[in-house]
Amino acid sequence: MSTASHDSFCLASWRFVYEGVKHAVNVSRAEELFGPCPWMNVIPLCSQHCLTAFGGIIAIPLILSQGLCLQHDGLTQSHLISTIFFVSGICTLLQVTFGVRLPILQGGTFTLLAPSMAMLSMPEWTCPCEMSFLLLNTLLIFRLFPVCLQLQGSIIVGSLFQMFVGFSGLIGLFMRFIGPLTIAPTISLIGLSLFDSAGGSAGNHWGISSMTTALIILFSQYLRHISVPFPTYSKDKKLHTSRVYVFQILPVLLGITLSWLICYILTTFDVLPAQPDMYGYLARTDLKGDVIGQAPWFTFPYPGQWGMPTVSLAGVVGILAGVISSMIESVGDYHACARLSGAPPPPKHAINRGIGIEGLGCLLAGAWGTGNGTTSYSENVGALGITKVGSRMVIVAGGALMVIMGVFGKVGAVFTTIPSPVMGGMFMVMFGVISAAGVSNLQYADMNSSRNIFIFGFSMFSGLVIPNWILKNPNAIATGVIELDQVFQVLLTTSMFVGGFFGFVLDNTIPGSKHERGILAWNKAHKDDSSNTLESEEVYNLPFGISAALSSSAWLRYVPFCPGGRPGSLDGSGADTNSLEPKLFPGRPEPAQIIVGVGL
């Protein structure tokens, strides 16, 4: 197999995206992931990955703001957005450098959003129906920060559990008992449980929200095969035009930006009502006042910026349910990322390290006070399938870009001016895709089986009924022990926990073959078939010569997150040390499948 130079690979990959070449360049996968790219290519590619993930990263702090009573406090919202950008950038750098080492972006996770909102919906933390901006600032010190600090502490404790599971290698034991019938209701109920948040935001102006939804659907589904000419520069052709599939790459960002611009124009010409009690007032872009002017140019998020985190038993138990779901989802993302980038399937030590580093990322997120954790982004995996560029340098540059954005306070302030109906329109698409992504796991199970139909149907319905009833009857749980009441309150109002719990128990207790349950097909799809080849070492071993230094100690090969040793005679695996040919995954993924990840 012929091996191209580092620069020629990146230039060829760039031409593949923008000129419609149908076959990727045939070079060593280890070289593709390690090789440097010219900055003229790295900057637009890393910007594309960041822009693809913006929808999810921005949505999480804006949703949390509702539970934290920050709807009218634009400055605090902007600081929260800056913090999550900053931490996401740091976690991306850690994951690509020391974690699973695949080109995958890190960001906020919706699996922790569900238990966080359940915790914030407890009676003692419920926001008053009406609150003026002045009164809100008075209440921040006495009422808001305690629950924020409890949320931080709960995330920190939950992250320690994730680090233990990852670095100890227990994630493999977890996956033995968790199959499609557990994962499907768990992931689906994340999206379905947020319907009230989506409806509340979209209902502030159904015209604007419907326009946003229609634009995202138009760009992501109907116009995804249409390319747009853009001026580009290369050494060979100098300044010329190339065609970019921009609608396929950035449908969410384009939809939000266009709706946002229309709302700004309608606000400028006073088409939208200026009275707070009139319908459509919340679609204006000037509701936060001069938040952009008030926000500082530079802000430096730091650990403990909201105060010393505290811990509550109810919060920790609820966050643990979200952490387990996040780990399961990340394992699937690792395999998907390796498959789309053409790398060997990740070995066990890389998966263990990736889960452990994600736990470390959640620890940092809890310490900095993002109100959320971090996880691998499915949007980034989908973007890899479109661009066919799997260079680590691109993702490293993307992580650095997010850190820089987190330092500039004006950036977070700009995002707070997005009207809630625009975000509601995005939620309609985003949460729908999350729900469908969960249901798609049923493709591995035999859905002609009455057993599987019962388990999935009962789990889904229970995950909707029980939390809804508990929220309407908050005083129904009274064991006599306040801490125990809070634990039950958080768990039973977290839809993904209720549905996942019933799915897990029923799937592991009701008799059924592994083929019927989908375990065989699931394991085959996520099989660790990467032999201990030299190519696998170059992709997944630790950087800076750390693996070579560790290989001198024979006992370290038994450490779950350390590489197992050199191929060939050193470890007795019988692997072919001369095999440098990468495992090829011919054929471009179907755009309809890729857009599921991008559309998030």
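Residues numbered from 1 in each chain as written. Predicted model: local features only at pLDDT ≥ 70, side-chain atom pairs only at ≥ 80, totals over all residues. Heavy atoms only, no water.

- By the naming in an unreviewed UniProt entry, the protein chain is Solute carrier family 23 member 1-like, taken from Salarias fasciatus.
- The heading Sequence similarities (unreviewed entry) in the UniProt record of the protein chain holds the text "Belongs to the nucleobase:cation symporter-2 (NCS2) (TC 2.A.40) family."
- Per its UniProt entry, the protein chain bears the Subcellular location (unreviewed entry) comment "Membrane". (UniProt positions renumbered as here; feature names shortened; annotations may be inferred.)

Digging into the pattern of salt bridges
Next, step 1: A full pass over the atoms with the stated rule returns four salt bridges.
Next, step 2: One salt bridge in this structure joins Arg-284 and Asp-286, with 3.0 Å as the shortest N-O distance.
Next, step 3: Shared partners join several salt bridges into a network, and the residues in it are Asp-270, Arg-284 and Asp-286. (Salt bridge = Lys/Arg side-chain N within 4 Å of Asp/Glu carboxyl O.)

A short note on the packing of helix H8 (residues 180–192) against helix H19 (residues 420–439)
Next, step 1: Between H8 and H19, whose axes approach to 7 Å, the crossing angle comes to 170 degrees. Taken together, the axes of H8 and H19 lie roughly antiparallel to each other. Across the interface between the two elements, Ala-184, Ile-187, Ser-188, Ile-190, Gly-191 and Leu-192 from H8 touch Phe-431, Ile-434, Ser-435, Gly-438 and Val-439 from H19.
Next, step 2: Residues that form the contact of H8 with H19 fall into these classes: seven nonpolar, four polar and no charged. (Axes fitted to C-alpha atoms, helices over the stretch in contact; angles between N-to-C directions. Helix = DSSP H or I, 4+ residues; strand = E, 2+ residues; numbered from the N terminus. Parallel < 35°, antiparallel > 145°, perpendicular 65-115°, else oblique. Contact = heavy atoms within 4.5 Å. Nonpolar A, V, L, I, M, F, W, Y, C, P; charged D, E, K, R; others polar.)

Some points on the environment of Pro-563
Next, step 1: On the secondary structure map, Pro-563 appears in the loop between helix H26 (546–550) and helix H27 (591–598).
Next, step 2: With relative accessibility at 15%, the residue Pro-563 sits in the buried group.
Next, step 3: Separated by 15 residues in sequence, Pro-563 and Ala-548 have C-alpha atoms that sit 9.7 Å apart.
Next, step 4: Here Pro-563 is in contact with His-349, Arg-353, Asn-541, Ser-547 and Arg-557, once residues within four sequence places are set aside. (Buried < 20%, exposed > 50% of the residue type's maximum accessible area, 1.4 Å probe, protein only.)

Topic: the packing of aromatic side chains
Aromatic ring pairs are described here by two measures, namely the spacing of the ring centres and the angle between the planes.
Next, step 1: One pass over the structure, following the stated rule, counts eleven aromatic pairs.
Next, step 2: Plain terms: the ring middles of Phe-161 and Phe-174 are 6.4 Å apart, the flat faces sit at 50 degrees to each other, and that makes the pair tilted. Linking Phe-161 in helix H6 (residues 133–168) with Phe-174 in helix H7 (residues 171–177), this pair joins segments that are 13 residues apart in sequence.
Next, step 3: Judged by its relative accessible area of 24%, Phe-174 falls in the partly exposed class.
Next, step 4: Here Phe-497 and Phe-501 contribute two aromatic rings whose centre-to-centre distance is 5.9 Å and whose plane-to-plane angle is 25 degrees, an arrangement assigned as stacked. Separated by four residues within a single helix, Phe-497 and Phe-501 lie in helix H22 (residues 495–509), roughly one turn from each other.
Next, step 5: Using a relative accessible area of 25% as the deciding quantity, one classes Phe-497 as partly exposed.
Next, step 6: By relative accessible area, Phe-501 is classed as partly exposed at 43%. (Phe/Tyr/Trp six-rings, centres within 6.5 Å; stacked < 30°, edge-to-face > 60°.)

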